[in-house]
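# A closer look at the structure
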Amino acid sequence: MSLTLEDVGRQCGVSRSTVSRVINNSPLVNQSTKERVLEAIKTLNYAPNFIARSLTKNSTETLAVTLPDITGGVFPEILAGMDEIASQRGYHLLVVFLGGARPQSATVEQLITHRRVDAVVTIASTVSDDQLIQMAEWKLPVVCVARKSPSKDIPSILFDNTGGAADATRLLLAHDRHAIAHIRGPADSHDAEERAQGFRNALKQAGISLDPALEVMGDFKREGGARGIRDLMTRNIPFDAVFAGNDEMAFGAIEELKRRGKSVPREIPVVGFDDIESARFVGLTTVHVPTRDLGRAAAKTAFDLIDGKKPAALQVLKTEIVERASTVTGTNAKTIRLDKM
């Protein structure tokens with residue numbers, strides 16, 4: 001018959017709830033009681049060696065990473081950067097998906113109360129501000145990536161969305177395009193709003209009035225880019241260039257433009273944002289985001305918190321424009337191919 005919490009409690013003379021608190025690393029148990037419970041766990045071989053070792057060391061050697069999903073090419077690169085640093089410390093990554101219809105509140109509650117991880121890195125808007133603040137209040141090290149932190153106790157690591165979007169817009173202006181359509185990301189996205197602001201800033205600096213009809217809502221997915229083009233053309237909104245809020249929407253925009261007989265880049269140059277791997281293969285001009293560096297910085301910051309250090313409250317990584325075939329016309333122009341993706 002398998003052992004229970006009651007068996008461990010009887011072994012060391014404490015209640016079931018006290019054993020549970022020790023296993024969950026609760027601060028409510030004094031050190032001498034914790035040591036008795038740990039000794040009972042070892043004696044009875046109640047817990048797997050990994051759990052017993054993590055309790056003894058007061059460390060799980062695990063970082064939790066919350067993501068909305070794994071699509072788009074950006075998130076895998078961030079994870080790769082994090083894993084590179086984590087592996088140097090003998091740590092593992094626990095990836096928690098909180099997008100779609102998943103029960104977010106219950107999952108986050110477990111991360112907070114069970115303390116099965118040493119720190120949490122939240123990427124994009126996967127965890128609410130209230131939940132982040134709750135984590136900080138429970139002294140669980142937390143790092144925000146690609147979103148601004150709601151608390152001075154939670155460091156943020158961002159990249160220059162606004163500056164990168166302004167550079168993308170200025171590139172299209174330099175190609176003598178002045179009716180630039182912007183297919184932006186979803187309304188609740190920090191990245192989407194900052195990129196839209198960079199787009200507006202560049203137009204204003206160039207003395208061009210913003211036409212609200214040229215800014216259409218997308219969703220950071222390929223179909224969102226195609227839908228944005230359909231929306232503009234159905235409403236007969238004239239435009240001579242497209243700045244998409246990310247590369248996936250740029251791909252969708254190019255596909256829809258070609259379905260409608262438009263030449264990219266001769267008639268309609270297109271710029272994306274992120275510089276995911278597939279953008280390099282198809283010749284998409286885009287804003288390069290140092291995603292792997294972002295992951296490395298996130299892991300290093302998490303370990304600083306675990307070690308009791310005080311990292312910088314805000315880190316902003318630079319972006320840069322990479323020009324390829326989707327904006328190059330004339331003798332240097334190349335064919336944009338999306339059909340093999």
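Presented here is an overview of the structure given in this document. Not measured: the values here are computed from a predicted model. (Residues numbered from 1 in each chain as written. Predicted model: local features only at pLDDT ≥ 70, side-chain atom pairs only at ≥ 80, totals over all residues. Heavy atoms only, no water.)

## A few points about the packing of helix α5 (residues 74-88) against helix α13 (residues 291-306)
For the pair α5 and α13, the least separation of the axes is 7 Å and the interaxial angle reads 45 degrees. As the angle between them shows, α5 and α13 are arranged oblique. For the pair α5 and α13, the crossing hand works out as right-handed. On α13, the residues touching Val74, Glu77, Ile78, Ala80, Gly81, Met82, Glu84, Ile85 and Ala86 of α5 are Thr291, Arg292, Leu294, Gly295, Arg296, Ala298, Ala299, Lys300 and Phe303. (Axes fitted to C-alpha atoms, helices over the stretch in contact; angles between N-to-C directions. Helix = DSSP H or I, 4+ residues; strand = E, 2+ residues; numbered from the N terminus. Parallel < 35°, antiparallel > 145°, perpendicular 65-115°, else oblique. Left-handed = near helix turned anticlockwise from the far one by under 90°. Contact = heavy atoms within 4.5 Å.)

## With respect to a nonpolar patch on the surface
There is a patch of nonpolar side chains on the surface, built from Ile70, Val95 and Phe97 and spanning about 210 Å² of accessible area. Inspection of the secondary structure assignment puts Ile70 in the loop between β1 (62-67) and α5. Judged by relative accessible area, which is 42%, Ile70 ranks as partly exposed. (Patch = residues over 30% accessible without salt bridge, like charges linked within 9 Å, V, L, I, M, F, W, Y side chains within 5 Å. Areas by Shrake-Rupley, 256 points an atom, 1.4 Å probe, with all protein chains shown as cover. Salt bridge = Lys/Arg side-chain N within 4 Å of Asp/Glu carboxyl O. Buried < 20%, exposed > 50% of the residue type's maximum accessible area, 1.4 Å probe, protein only.)

## Structural notes on the sheet that holds strand β2 (residues 92-97)
What the six strands build is an open sheet, ordered β2-β1-β3-β4-β5-β11; its pairing is parallel. Only two strands of the sheet have a single neighbouring strand rather than two, namely β2 and β11 (314-317). In this sheet, neighbouring strand axes are inclined to one another by 20 degrees on average, regardless of whether the strands run parallel or antiparallel. Here strand β3 (residues 119-123) runs beside strand β4 (residues 142-145); their pairing, made up of four bridges, is parallel. If you follow Val121 over to β4, its bridge partner there is Val143. (Pairing = 2+ DSSP bridges.)

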